[in-house]
Amino acid sequence: MTNKELANIMYPDVSKTIEDYEKMYPKRNLDDKAVVTRFAPSPTGFVHMGSLLAAFVSRKATKDTNGVFYLRIEDTDGKRSVENGIEGIISDLKAFDIKIDEGALSETEEIGEYGPYIQSKRIEIYHTFAKWLVENDYAYPCFCSEEELEEIRTLQEAQKQRIGYYGKYAKYRFVSNEEKAKKIQNGEKFVLRLKSTGDFNKRIVINDLVRGRIEYPENDIDHVLIKSDGVPVYHFAHVVDDHLMHTTHISRGEEWLPSTPLHIELFNKFGFEVPKFCHLGLLMKIDDEGVRRKLSKRKDPEAAVSYYHEKGIPVEAVSLYLMTIANSNFEGWMDANFGKSIDEFKFDYAKMSKSGSLFDVNKLLNISKNYISRLKASDVYDATLNWALDFDKEFYDLLVKYKDYSIAILNIEREQKKPRKDFESYSSIKSYIWYMYDELFTNLNYEWQNITDKDEIKKILNIYLNKYDINDDKDTWFNKMKEVCDELGYASDMKKYKENPNDYKGNVADISNVLRVALTTKAMTPDLYEIMKLLGKEKMEKRFNMV
RNA sequence: GGCCUGUUGGUGAAGCGGUUAACACAUAACCCUCUCAAGGUUACAUUCAUGGGUUCAAAUCCCAUACAGGUCACCA
């Protein structure tokens, strides 16, 4: 029996040919340098930070070259797929402002001419390519049961052989087409296996854009290409899809490096051009035991991109951070090109770190802090409102009720050459400004410092309140505080105080501390002058009386 | 166990045969006519996992060892 006849028995429903598909998906009309790449997650429910990095980098590379970035859903494993998984991916991408040019938009909709972009809808295509492999003696059906494979494995382990279905262990390589056909006609399940022609003792060179030249032994394993349910495995789907979709750059995690020789063998068998590979280092973290390991979806909350949404960390800050992980020269570029868009920075695959980067939340927060400090107060207000809407209803209501007042609070020490930097996330803002709202000014815990005597505090507050005028400019305001010092025997001049601390009961700092704590309960706040101005004399009096 | 990759300060890293081994985060100290944040100044790797080699010269090239990570599925 010829291979062609066997192929017909294996895939009787295939009506098209590879040529038909080549015609349906012609070469893209793009610049030679244009990068076509993709984000190809499986719909497991949420996007991992490492995947986001890959998506981000891919998006950036295509933007830099006027290429195409598309989203392909790799749902060939039912066990991994989760309900609404596709929606989750799309909303995460949207949240981080990573735009796709083509691909799946939802379970049922998509844009682009190279679809379907969901692998489970491409089964017919895979079968067409699979049939071609059988016809050309590059693949064959295998009927081994799990137990049989287990036996082979045990045998190999015992004999200290390389493990796998290859060479003389590839049992169904040696079975005749007639016999295989009979099994299929009897209704026996089969998988499709590659008939590898690789030689383990020969070397194959991968020129990886990130890691440079890497050598591997050639693949000689007869890998499963199509599972017994007719659905392809990743390796096969990847090769077929990335060829038909004319992908030029495969950006993926380094866990794929060991199977790249297999992928290259497949590309070669089909006579397809081999795309460029970019194997990215994994994102790592140091866990509580001090062990450095891969950032894990299951164990580490910060691995999920939804975490940053909940924490109220601006997506722009996350993008900035991802860019510094991707190309560490980005930070320097950003300093030198202050105010320019990230789009103007030229990304380079070769500058990516080969070893896995430790994911540094501290650094992210620092970037976030700097980012927020440069925003206008009204933008901070909008973003905080947006965050609070989902995560803090009480705060949200206050922000809505006192809009202008809130913006004014957020504007304290903001519009100056060196703006104040204490908000590292939108979720932390409340903890810095809560005391400005009467509604939150309850359950108080006053942080008195040097002056703790009740009568002394009362005296200071009374004297001060009589002097305070909301229309004073900052110098006058400060002078009045000094007047209180002089009247009560505190040093109004810090230098003099430092020279002879024993001549005084204390100094301006002590007086201002009393005022500050009386108004806010906190020993550390932004500029007191502005706080008083915003509170107004009436509220000040009320709060002084509460003390 | 086989195959592969990686290892520069607490962290992210630059470095590509000749540098005082950049820079950023973190940390600490000091300074800055009220605190804090910020800012400024300073400190923080005699050494690039370890041991050999090549070279006038090595973090950079070679070899071995150690450690870490990845992978070896009808998962991606």
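Reading guide: rules and limits
- Residues numbered from 1 in each chain as written.
- Chains lettered and ligands numbered in written order.
- Predicted model: local features only at pLDDT ≥ 70, side-chain atom pairs only at ≥ 80, totals over all residues.
- Helix = DSSP H or I, 4+ residues; strand = E, 2+ residues; numbered from the N terminus.
- Rg over C-alpha atoms; globule rule 2.2 N^0.38 Å.
- Buried ≥ 20, exposed ≤ 12 C-beta atoms within 10 Å, placed from the backbone.
- Contact = placed C-beta atoms within 7 Å.
- Domains from an automatic or database assignment.
- Pairing = 2+ DSSP bridges.
- Axes fitted to C-alpha atoms, helices over the stretch in contact; angles between N-to-C directions.
- Near = placed C-beta within 6 Å.
- Nonpolar A, V, L, I, M, F, W, Y, C, P; charged D, E, K, R; others polar.
- Right-handed = clockwise from strand over helix to strand, strands pointing away.
- Core = buried A, V, L, I, M, F, W, Y, C linked by C-beta atoms within 7 Å.
- Arc of directions from axis to C-beta.
- Expected span 1.5 Å × (residues − 1).

Examining the overall build of chain A
Logical step 1: Helix and strand content of chain A: 22 helices and 14 strands.
Logical step 2: In summary, chain A has a C-alpha radius of gyration of 33 Å against a globular reference of 24 Å for 547 residues, an excess of more than 25%.
Logical step 3: Principal-axis analysis of the C-alpha atoms places the extent of chain A at approximately 110 × 50 × 45 Å.
Logical step 4: Of all 547 residues assigned to chain A, the portion counted as buried reaches 34%.
Logical step 5: Long-range pairs, those at least 24 residues apart, make up 73% of the contacts in chain A with a sequence separation of at least 6.

Things to note about the domain arrangement of chain A
When the parts come together, some accessible area is lost, and that loss is often what is quoted as the size of the interface.
Logical step 1: Domain boundaries in chain A define domain 1 (3–7 + 123–280), domain 2 (26–113 + 281–374), domain 3 (377–433) and domain 4 (454–546).
Logical step 2: In this structure, domain 1 and domain 3 have C-alpha centres spaced 56 Å apart.

Points about the sheet that holds strand β5 (residues 139–142)
Logical step 1: Taken together, the three strands give an open sheet; going across it, the order is β5-β6-β9, and neighbouring strands pair in antiparallel fashion. Of all strands in the sheet, those bounded by a partner on one side alone are β5 and β9 (224–226). Pairwise comparison of adjacent strand axes, ignoring direction, gives a mean angle of 45° for this sheet.
Logical step 2: Looking at chain direction, strand β6 (residues 191–194) and β9 are connected through two bridges and run antiparallel. Bridged to R193 within β9 is V224.
Logical step 3: Packing of helix α5 (residues 123–135) onto the sheet brings it into contact with β5, β6 and β9, and relative to β5 it is tilted by some 100°.

A closer look at the sheet that holds strand β3 (residues 102–104)
Logical step 1: With mixed pairing, the four strands of this open sheet are ordered in space as β1-β2-β3-β4. Sheet topology places β1 (36–39) and β4 (110–111) at the edges, where each strand pairs with a single neighbour.
Logical step 2: Where β1 lies against strand β2 (residues 68–71), four bridges are found, and the strand directions are parallel. Counterpart to R38 in the pairing with β2 is Y70.
Logical step 3: Contacts from helix α3 (residues 49–65) reach β1 and β2, with the element oriented near 160° to β1.

Comments concerning the protein's contact with RNA strand B
Logical step 1: Near RNA strand B, the surroundings consist of 62 residues, among which E74, D77, S355, L358 and A509 are the closest.
Logical step 2: Every element with two or more residues in the surface near RNA strand B is listed here: β8 (212–217), β13 (292–294), α12 (329–336), β14 (357–358), α13 (361–373), α21 (508–520) and α22 (528–546).
Logical step 3: Considering each element in turn, the surface near RNA strand B owes the most residues, four residues, to β8.
Logical step 4: A class-by-class count of the residues in the surface near RNA strand B yields 23 nonpolar, 15 polar and 24 charged.

A short note on the pairing of β5
Logical step 1: The alternating pattern of β5 places A139 and P141 and Y140 and C142 on opposite faces, both of which are buried.
Logical step 2: Relative to β6, β5 is paired through four bridges, and the arrangement is antiparallel. Of the residues in β6, the one forming a bridge with Y140 is R193.

Re the pairing of strand β10 (residues 249–253)
Successive residues of a regular strand alternate their side chains across the two faces of the sheet.
Logical step 1: The element β10 is largely enclosed, with a buried count of four among its five residues.
Logical step 2: Relative to strand β11 (residues 276–280), β10 runs parallel, the two being bridged by five bridges. Looking across to β11, one finds that S251 is bridged to C278.
Logical step 3: On the question of chirality, the crossover connecting β10 to the parallel β11 by way of helix α9 (residues 260–270) is right-handed.

Observations concerning the environment of Y432
Logical step 1: Mapping Y432 onto the fold places it in helix α17 (residues 429–433).
Logical step 2: The spatial distance from the C-alpha of Y432 to the C-alpha of D422 is 8.1 Å, given a sequence separation of ten residues.
Logical step 3: Excluding residues that lie within four positions of it along the chain, Y432 makes contacts with D422 and F423.

Details of the nonpolar core
Logical step 1: M49, L52, L53, V318, L322 and A326 are the most contacted members of the largest nonpolar core, which totals 71 residues.
Logical step 2: The contacts of V318, once residues within four sequence positions are left out, are F96, Y308, I313 and L364.
Logical step 3: One finds L194, I226, F236 and V239 within the second-largest nonpolar core, a separate group that totals 24 residues.

What to know about helix α1 (residues 3–10)
Logical step 1: Of the positions making up α1, those classed as buried are L6, A7 and M10. The arc enclosing the buried residues of α1, seen along the axis, measures out at 100°, which places them on a common side.
Logical step 2: Packing partners of the buried residues in α1 comprise α5, β5 and α7 (177–185).

Re helix α18 (residues 454–467)
Logical step 1: Its 14 residues give α18 an end-to-end C-alpha distance of 20 Å, which sits within 8% of 20 Å, the value for a rise of 1.5 Å per residue.
Logical step 2: For α18, the complete set of buried residues consists of I460, L461 and Y464. One side of α18 carries all its buried residues, which in axial view fall inside an arc of 95°. Exposed residues pointing more than 90 degrees away from the buried face of α18 are listed as K454, D455, N462 and N466.
Logical step 3: Where α18 is buried, its residues contact α19 (474–488), α21 and α22.

Structural notes on the environment of K482
Logical step 1: As for its placement among the helices and strands, K482 is situated in helix α19.
Logical step 2: Residues K482 and D241, 241 residues apart in the sequence, show an inter-C-alpha distance of 76 Å.
Logical step 3: Among residues more than four places away in sequence, those in contact with K482 are S492 and V508.

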